[in-house]
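Each chain, written out:
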Amino acid sequence: MGAPVLSLDSVSVSFGGVKAVRNVTFHLEPGELVGLIGPNGAGKTTIFNLITGSVKPTDGVISFKGTDIVGKTSDQLCHLGISRTFQNIRLFPQMSVFENVALGLHSEPHYSIFEAFVRTPNARRKEKEVEEQVHELLTLVGLEGYIQQKAGILPYGLQRRLELARAMATSPELLLLDEPAAGMNEDECAELIKMIRNIHELKKYSIILIEHHMNVVMDLCRNSRIMVLNLGETLAIGSPAEIQNNPKVIAAYLGEKRERNGRKRSIS
Ligand SMILES: Nc1ncnc2c1ncn2[C@@H]1O[C@H](COP(=O)(O)OP(=O)(O)OP(=O)(O)O)[C@@H](O)[C@H]1O
Ligand SMILES: [Mg+2]
C-alpha cells in the first residue's frame, strides 16, 4: 500500500463539555471508498468538519497527502483537493442547475470583461470549456436534462445529486459525502449506489461516505472497509461482514433504537 491520502492521528475535539470526537486514528488509502457509520450524534459530520477546516481539533494531527492541514481554511483545503457534500443541502436555490455547478469550477474566466463583452474567440472557447465540464458532471449524476432549471425547484432527491455534481466541480482528490441517500426511497438508493460506484471508478477519487442507509453503505463498501463511530470514539473498522457481525456495533445500534424508539436504524 502507498502513503495514505488522508491521515487522522489521535484526533479529538470538544465543544464546551461535549467530547464530539475522541482520539480517532484513521488512514485512507488513495482511491479507497470507505464508509463512516454510527448512531446519531456519534461525531461523523464533525469528522468531515475537521477534515474540511470548519472545526479545529483540540488534539491530534490531520494530514492530506503527507501535509499537516490543521489550521488551513476551507478554501485552501478545497484548492488542495478536498471537497464535500453537506448533510443539509447547500445549493443556491435561485440559480440554475448549470450555474450551481459552474460556480464550483476552479477555472476562473481567463479573459477580460472586454473580451467577454465582444465575445472574442478566446472568451467563447473558455465558455465552451465550462459548458462541457458542467455537462459532463451533470451527466454523471443524471441531471443533464435539468440544466436550465432553478435548483430550488428540483425534487429533493435531485437536489442531492446536484450537490454531488457541485462537489465534483472543484476536481477533488478526496470527496466527502455526508448522507447522500438521506430521504431517498429504495429505488433512488439503488440508483445512487450505481451512480457513486460509476463516479468512483471513473474519477478515481478517494471517498469517505457517511450514510444511515445500511444497504447503500454495505453495497458501496463491499470490497472495502467501514468505520463505526459511537459517542465520538472508533468502535470498529472492518469489512461489511465484520461490521454487521460485531457485537459492539450491534449493541450500539440496538441501544440507539431502544432510546429513540422510532427513528429507523438497522445494520442489516
Ligand atoms: N459546532 C458545534 N457546536 C457544539 N456542539 C456540536 C457542534 N457540532 C457538533 N456538535 C455536537 O457533537 C456531537 C456530534 O455531532 P455530529 O453532527 O458530528 O454527529 P453525527 O454523527 O453527524 O450525527 P447525525 O447522524 O445525526 O448526523 C453531537 O453531540 C453534536 O450536538
Ligand atoms: Mg451528521
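For every chain, the first residue of the written sequence is number 1, and numbering continues from 1 onward in sequence order. Chains and ligands are labelled by the order in which they are written, letters from A for the one and numbers from 1 for the other. Only residues with pLDDT of 70 or above have their local features reported here, since the model is predicted, and side-chain atom pairs are shown and tallied only from 80 upward, although totals for entire chains, interfaces and linings are computed over all residues. Side-chain descriptors were evaluated using all non-hydrogen atoms of the structure, hydrogens and water having been removed beforehand.

Caption draft 1: Representation of the coordination of the magnesium ion (ligand 2) in the model. Think of the donor list as every N, O and S atom within 2.8 Å of the metal, or within 3.2 Å for Na, K and Ca; water never makes the list, so a site can look incomplete. Every protein donor of the magnesium ion (ligand 2) is accounted for by Thr45 (OG1) and Gln87 (OE1), and the metal-donor separations fall at 2.0 to 2.2 Å. Here threonine 45, found in helix H1 (residues 44–51), pairs with glutamine 87, found in the loop between strand S6 (82–84) and helix H3 (97–102); they are 42 residues apart in sequence, far enough to count as distant. Numbering goes from the N terminus for both helices and strands, where a helix is a DSSP run of H or I of at least four residues and a strand is a run of E of at least two.

Caption draft 2: Looking closely at H1. Judged by how many residues are buried, H1 sits mostly within the fold: 7 of 8 residues are covered. Taken residue by residue, H1 has Lys44, Thr46, Ile47, Phe48, Asn49, Leu50 and Ile51 as its buried positions. Buried, partly exposed and exposed residues are distinguished by accessible area as a fraction of the type maximum, computed with a 1.4 Å probe on protein chains only: under 20%, between the cut-offs, and over 50%, respectively.

Caption draft 3: Just the environment of glycine 53, in detail. Here glycine 53 shows up in the loop between H1 and strand S4 (59–64). Using a relative accessible area of 27% as the deciding quantity, one classes glycine 53 as partly exposed. Contact between two residues is taken to exist if any of their heavy atoms lie within 4.5 Å; hydrogens are not considered. Excluding residues within four positions of it along the chain, glycine 53 makes contact with Lys72, Ser74 and Leu77.

Caption draft 4: Quick look at the pairing of strand S1 (residues 6–15). In this structure, S1 lies alongside strand S2 (residues 18–28), joined through 7 bridges in antiparallel fashion. Considered in S2, the bridge of leucine 8 is made with phenylalanine 26. Each pair of strands is called paired provided DSSP finds at least two bridges between the two strands. As defined by bridge partners, S1 adjoins S4 across 5 bridges and the pair is classed as antiparallel. Note that in S4 the partner of leucine 8 across the bridge is isoleucine 62.

Caption draft 5: Structural context of the site of ligand 1. In the vicinity of ligand 1 lie 14 residues, with Gly41, Lys44, Thr46, Gln87 and His212 positioned nearest. A distance of 2.7 Å separates an oxygen atom of ligand 1 from a polar atom in the side chain of lysine 44. At 2.9 Å, a side-chain N or O of threonine 45 approaches an oxygen atom of ligand 1. About the coverage of ligand 1: the protein hides 62% of its 640 Å² of free accessible area. Broken down by secondary-structure element, the contributors of at least two residues to the shell around ligand 1 are S2 and H1. Amino acid classes used here: Ala, Val, Leu, Ile, Met, Phe, Trp, Tyr, Cys and Pro are nonpolar; Asp, Glu, Lys and Arg are charged; the rest, including Gly, are polar. Class assignment of the residues belonging to the shell around ligand 1 gives a composition of 5 nonpolar, 7 polar and 2 charged. Any residue with a non-hydrogen atom lying within 4 Å of a molecule or strand is treated as near it. Between N or O atoms, a polar contact is any pair within 3.5 Å; within protein, one atom must be a potential hydrogen donor and the other a potential acceptor, and residues adjacent in sequence are included only when both atoms are from side chains. Here, Shrake-Rupley sampling with a 1.4 Å probe gives the accessible areas, and only protein chains in the shown set may cover a residue.

Caption draft 6: Spotlight on the nonpolar core. By convention a nonpolar core is built from buried Ala, Val, Leu, Ile, Met, Phe, Trp, Tyr and Cys residues, the set being connected through side-chain atoms within 4.5 Å. Residues Leu138, Leu162 and Met168 are the most contacted members of the largest nonpolar core, which totals 49 residues. Formed jointly, this core draws a minimum of three residues from each of two domains, domain 1 (1–81 + 172–268) and domain 2 (91–171). Sequence-distant contacts of methionine 168, defined by excluding residues within four places in its chain, comprise Leu137, Leu140, Val141, Leu175, Ile199 and Tyr205. By size, the runner-up hydrophobic cluster in this structure holds 29 residues, among which are Val5, Val24, Ile69 and Ile208. Note that the domain bounds were set by an automatic or database domain assignment.

What is shown is where atoms sit, not what they do.
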